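Each chain is listed here by its residues.
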Amino acid sequence: MERITRFRAIAMLLVCALILGLFGVRMYAVQMLGAGDIVADSDTYTTYYTVKAARGELLDRNGNVMVGNRASYDLVINNFVLTNSGNANEHLLRLIRMADQLGVEYIENFPVTETRPYEYTLAEQSANWQGYFQDYLWELDIDSDISASRLMEELRKMYKIPEDWSDADARAVIGLRYELKLRTDITNLSSYVFLEDVPDDILNAILELNIPGLDAAATTKREYYTTYAAHILGTYSKMNAEEWEVYKEKGYKMDDKIGKSGLEKAFEEYLHGTDGRLARVVDKNGNIVSQYYVKEPVAGHNVETSIDLNLQIVAEEAMKQVHDELTAQESGSGSDIQGMAVVVMDTRTGEVLACASYPTYNPATFNQDWDQLRVDPLKPTLNRALQEIYPPGSTYKVAMSIAGLETQTISRYTEIEDKGIFTKYPGNSPRCLIYTRNGRTHGYLNVAGALEDSCNYFYYVLGDRMDWDDVDAVAKTLGLGEHTGIELGERIGQRANEETKKKNYSGSDAHWYA
């Protein structure tokens, strides 16, 4: 009997401990994470807001801000205050109607079409948002195989949408209830932002509605202070699913924005600050009882580049002028030009002072202009200075000249007669350009004169006398076909050598003759 009593006592203690443990976990979720169910009879509720850290600025070498930040306001909804107002659906409908009246699009990701017959739109969403929807169904104990139409019926009942409401009003409110539910019980997404970067007139008009739980949150937005240097400054927007897989391990949130190209991407982790966390204690009426930082935001670092913005502007304007002059011709050399690029470097340090590509675009309106930019046949978003490869042309004569001098195949005094047509090999008779144009030749030239006149014939002869591996070694040393070391993404060219030919060709075509 004593043994049975002792067993019961131990069992009761374990049950009590389990209950207390579950209660503790639940309280932590509600009070610390802001992720618990709304407690209607609670006097206060603590909500935790993510305070976005200011992103670092991009500066030119003279300290001019090319990309920075400006103060802005987002409209954020506190689900606890809204739910405890007693008329959550009606308040949300008033908010939606005001947004429609003002002509602004609010943020909503509920994956069901807006009109009957209801269908899912999950295929249009990222893998992460598809996962959030499945978690939402699980949290509400709804079968994941439910049809979209049946789901709408269930949610109308669950959220107590009045039966006399139109389908459009019910769908709109359910969309917002979905967003709020995700952030209340299911995900680690930041507080629900109804509108981002709200202009003052729209902000004031919406706040005058006095919607319980609706608050204006101060934040910053990326601002371009120049319409130039678009290709090197780059773009900045929200992550996709693939990027999230990389950045979630680095402390980023799924709805964070990151640099997608250019300097914004190259220095992402340096520019990206550390978000803060603000605790706000409110009562049922939405009055702020107290607030404090659990973790203060830390701004990102500024990046001072080697670019001289004034020189960049000169380069881009010069290219536009040349482009316009050439395309204005009815015919002739250059009339069919599609693009061009300019890179200006300090030869003493290797610093890039300007890096321009034409045609270009306005970085400040990139997102709005995207539909037009992506179908433009001239590909204005392409950075022709770094993302294309071109035949080297006469620039290779520098490598050949150095190789010839270093191997003593020629000296600086060696002269070769330009005969116009190189006829040593039957079936292949390349010509000097001056001979092709007017039948003249350059006569006798040493290496300095050959470089000055860019005499093709001189280099036909020189190339025939040399071991091409020596030329290739010099070209490699000069950086041709190699990474430049620039932080921005670049396409790497290839040099003419035995290795490259085997890579690009097969069979007898892969044979190297030099």
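For clarity, every value in this text was computed on a predicted model and none was experimentally measured.

(A) Layout of the sheet that holds strand β8 (residues 276-283). Within the open sheet, the three strands sit side by side as β1-β8-β9. Their pairing is antiparallel. The strands lining the two open edges of the sheet, one partner per strand, are β1 (44-51) and β9 (288-295). Neighbour-to-neighbour, the strand axes of the sheet open up by a mean angle of 20°, direction not taken into account. Here β1 pairs with β8 via eight bridges, running antiparallel. When the sheet's bridge partners are listed, Thr44 is paired in β8 with Asp283.

(B) Molecular detail of the packing of helix α5 (residues 148-158) against helix α6 (residues 167-186). Axis separation between α5 and α6 bottoms out at 11 Å; the angle between their running directions is 75°. Comparing their axes, α6 and α5 come out roughly perpendicular. Here Met152, Leu155 and Arg156 of α5 lie close against α6, whose contacting residues are Asp167, Ala170, Arg171 and Ile174. Looking at the contact of α5 with α6, its residues break down into four nonpolar, no polar and three charged.

(C) View of helix α14 (residues 396-406). Within α14 the residues assigned to the buried category are Tyr396, Lys397, Ala399, Met400, Ser401, Ala403 and Gly404. Buried residues along α14 sit in contact with α16 (447-453), α17 (456-465) and α18 (468-477). With its phi angle positive at about 60°, Gln408 sits one or two positions after the end of α14.

(D) The pairing of strand β3 (residues 65-77), seen in detail. By the bridge criterion, two bridges tie strand β2 (residues 58-59) to β3 in an arrangement that is antiparallel. Across the sheet, the residue bridging to Leu59 is Val65, located in β3. In sequence, β2 turns back onto β3 through a hairpin of five residues, with Gly63 there showing a positive phi of about 90°. Where β3 and strand β4 (residues 193-195) come together, two bridges link them in antiparallel fashion. From the neighbouring strand, Leu75 faces β4, where its bridge partner is Leu195.

(E) Examining the confidence of the model for the chain more closely. Per-chain confidence: the chain averages 89 in pLDDT, with 92% of residues scoring 70 or above. Ranking the elements of the chain by mean pLDDT puts helix α1 (residues 2-31) last, at 50, and β2 first, at 98. Scored below 50 in pLDDT, residues 1-5 makes zero contacts in the model with residues more than four places away or belonging to other chains. Within the model, the stretch residues 25-41 combines pLDDT values under 50 with 42 contacts to residues more than four positions away or in other chains.

(F) Layout of a nonpolar patch on the surface. Together, Val398, Leu451 and Leu478 line one region of the surface with nonpolar side chains, adding up to about 240 Å² of accessible area. Inspection of the secondary structure puts Val398 in helix α14.

Parameters at a glance
- Residues numbered from 1 in each chain as written.
- Predicted model: local features only at pLDDT ≥ 70, side-chain atom pairs only at ≥ 80, totals over all residues.
- Heavy atoms only, no water.
- Pairing = 2+ DSSP bridges.
- Helix = DSSP H or I, 4+ residues; strand = E, 2+ residues; numbered from the N terminus.
- Axes fitted to C-alpha atoms, helices over the stretch in contact; angles between N-to-C directions.
- Parallel < 35°, antiparallel > 145°, perpendicular 65-115°, else oblique.
- Contact = heavy atoms within 4.5 Å.
- Nonpolar A, V, L, I, M, F, W, Y, C, P; charged D, E, K, R; others polar.
- Buried < 20%, exposed > 50% of the residue type's maximum accessible area, 1.4 Å probe, protein only.
- pLDDT = per-residue confidence, 0-100.
- Patch = residues over 30% accessible without salt bridge, like charges linked within 9 Å, V, L, I, M, F, W, Y side chains within 5 Å.
- Areas by Shrake-Rupley, 256 points an atom, 1.4 Å probe, with all protein chains shown as cover.
- Salt bridge = Lys/Arg side-chain N within 4 Å of Asp/Glu carboxyl O.

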